[in-house]
Amino acid sequence: NVRADNGLYLQMNNMVNGNFSQSFRLRGFSFDPNTMFVQFIFGITACVSKIAKKFNLYHLVTLFISVFCILLSGSRMGLLCCITAIVITAIVAISELESIRKKLLSIIATLTICVGALIFSMSRFGQSMLSSLFSAYSNRSSLTDEYGRFSIWNECVKIYWEKNPLFGVGYNNMSTYTMTERMTHNTYLQFICECGLLVGGLAVIYFLSIAFIGWSKLRFQHKATKNNVAFLPMVIGYTMTLVSLFSVDNLTCSYLWFGALTLIKIA
């Protein structure tokens, strides 16, 4: 019922336009459902990459389970990162295939899946599923509401600038200053607001620069070790981790820290 309680599902209560809304969101072993999906992005990317090279039922089942868990988390950012990761991985994986025949078959298979999904979405059962899915994401605060992301970010920046721009307000202290008693809901903003411009700014530059290094080394890694399928999932998974942290405060995200160290090592 509250974040401090034990349990795989978290009950979320909210007031939207005067209406009370209640939902249950999968959080797994994470504190927040919005941070649960990150671990699945790496697996999803790996499965799509492997399927593009050679179809395997194990990878397909793993892919579906991972996507299903992300849907159960009810995270809008999770769904966005999931779709983006699948699209980018498919494009890169197909473009890296050397055989023209395999490329053509992969493109045909991808288009067939897209057409099948479109037809399914137009059916009565598909319409019902989409309506249920969209309703789960719509009963949330908008970006400019009192508890919306833009409102929280704006307040945090003002507090940070008034208190101590150079050294910040102190780690995990932002909620003691905000009117809504909320944290920054943005990891990069949390770095700067709580750790200051010197430490926080350096940390943000460090994590973003590793993503840049990973993408710049992608083509070289493929040519040097064509059988290595680990680098592409690491680059895309780490990039999606960076994107996801724009909507949640999680300085101690293990997939951020260990992802950065692993990526810089194999790059």
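Look a little higher up for the structure.
Structural notes, computed from the coordinates. Counting restarts for each chain, with residues numbered from 1 along the sequence as it is written. For this predicted model, a pLDDT threshold of at least 70 governs which residues receive local features, and a threshold of 80 or more governs which side-chain atom pairs are given and counted, while totals over whole chains, interfaces and linings are taken from all residues. The side-chain figures draw on all heavy atoms in the structure; neither hydrogens nor water molecules are used.

## Focus on the overall build of the chain
Numbering of helices and strands runs from the N terminus, with a helix taken as a DSSP run of H or I at least four residues long and a strand as a DSSP run of E at least two residues long. For the chain, the helix and strand inventory stands at 11 helices and 2 strands. Listing each helix as α and each strand as β along the chain from the N terminus yields β-β-α-α-α-α-α-α-α-α-α-α-α. We call two residues contacting when some pair of their heavy atoms lies within 4.5 Å. The long-range fraction of contacts in the chain, counting pairs at least 24 apart against all pairs at least 6 apart in sequence, stands at 60%. The method behind every accessible area is Shrake-Rupley, applied with a 1.4 Å probe, and residues are considered shielded solely by the protein chains displayed. If you sum the accessible surface of the chain, you get close to 15,600 Å²; carbon and sulfur atoms cover 67% of it.

## Structural notes on the environment of Thr89
Inspection of the secondary structure assignment puts Thr89 in helix α4 (residues 76-95). We classify Thr89 as buried; its relative accessible area is 0%. As for Thr89 and Cys47, which are separated by 42 residues in sequence, their C-alpha atoms are 9.5 Å apart. Ignoring anything within four residues of it in the chain, the contact list for Thr89 reads Thr45, Val48, Ser49, Leu232 and Ile236. Burial classes: relative accessible area under 20% of the type maximum marks a residue as buried, over 50% as exposed, and values in between as partly exposed (1.4 Å probe, protein chains only).

## Side note on the packing of aromatic side chains
For this analysis, a ring pair means two rings from Phe, Tyr or Trp (six-membered ring only for Trp) whose centres lie within 6.5 Å, classed as stacked if their planes differ by under 30 degrees, edge-to-face if by over 60, and tilted for the remaining angles. Applying the stated criterion across every chain, the model contains 6 aromatic pairs. Measuring from ring centre to ring centre gives 6.0 Å for Phe191 and Phe207, while their planes differ by 35°; the resulting arrangement is tilted. Both residues of the pair, Phe191 and Phe207, belong to the buried class. Their ring planes at 90° and their centres at 4.9 Å tell us that Phe207 and Trp257 sit as a pair that is edge-to-face. One end of the pair, Phe207, is in helix α8 (residues 187-216); the other, Trp257, is in helix α11 (residues 254-266), and 50 residues separate them in sequence. The exposure class of Phe207 is buried, given its relative accessible area of 1%. Among the aromatic residues, those joined into a cluster by ring pairs are Phe191, Tyr206, Phe207 and Trp257. Taking NZ or CZ as reference, Lys217 lies 5.9 Å from the ring centre of Phe220, over its face. We count a charge as sitting over a ring when the NZ of a lysine or the CZ of an arginine lies within 6 Å of the ring centre and within 35 degrees of the ring normal.

## Here we look at a nonpolar patch on the surface
To count toward a patch, a residue needs a relative accessible area above 30% and no salt bridge. Like charges then connect within 9 Å, nonpolar side chains (Val, Leu, Ile, Met, Phe, Trp, Tyr) within 5 Å. We define a salt bridge as a side-chain nitrogen of Lys or Arg found within 4 Å of a carboxyl oxygen belonging to Asp or Glu. Where nonpolar side chains cluster on the molecular surface, the patch consists of Leu166, Phe167, Leu197, Leu198 and Val199 and spans about 500 Å² of accessible area. Within the secondary structure, Phe167 is located in the loop between α7 (149-163) and α8. Taking the relative accessible area as the measure of exposure, Phe167 reaches 52% and is therefore exposed.

## Some remarks on the nonpolar core
To qualify as a nonpolar core, a set must consist of buried Ala, Val, Leu, Ile, Met, Phe, Trp, Tyr and Cys residues joined through side-chain atoms within 4.5 Å. Ile41, Phe207 and Tyr238 are the most contacted members of the largest nonpolar core, which has 42 residues in total. Once residues lying within four places of it in the same chain are set aside, the contact partners of Tyr238 are Phe42, Phe207, Ile210, Ala211, Pro233, Tyr255, Leu256, Gly259, Ala260 and Leu263. One finds Cys156, Ile159, Met183 and Cys193 within the second-largest nonpolar core, a separate group that totals 9 residues.

## A few points about helix α2 (residues 38-53)
Since there are 3.6 residues in each turn of an α-helix, residues three or four apart along the chain are aligned in direction. Compared with the 22 Å implied by 1.5 Å per residue over 16 residues, the 24 Å span of α2 between its first and last C-alpha is a close match. Turning to α2, its buried residues are Val38, Phe40, Ile41, Phe42, Ile44, Thr45, Cys47, Val48, Ser49 and Ala52. As for α2, its buried residues are in contact with α1 (33-36), α3 (57-73), α4, α5 (100-122), α10 (231-244) and α11. What a helix should span is 1.5 Å times the count of its residues minus one.

## A short note on the side chain of Thr35
For Thr35, the position within the fold is in helix α1. The term polar contact refers here to a pair of N or O atoms within 3.5 Å; inside protein, the definition further demands a hydrogen-donor-capable atom paired with an acceptor-capable atom, and it admits residues adjacent in sequence only when both atoms are side-chain atoms. Polar contacts involving the side chain of Thr35 include one to the main-chain carbonyl oxygen of Asp32, which spans 2.8 Å. In contact with Thr35, not counting residues within four places along its chain, are Ser30, Val248 and Asn250.

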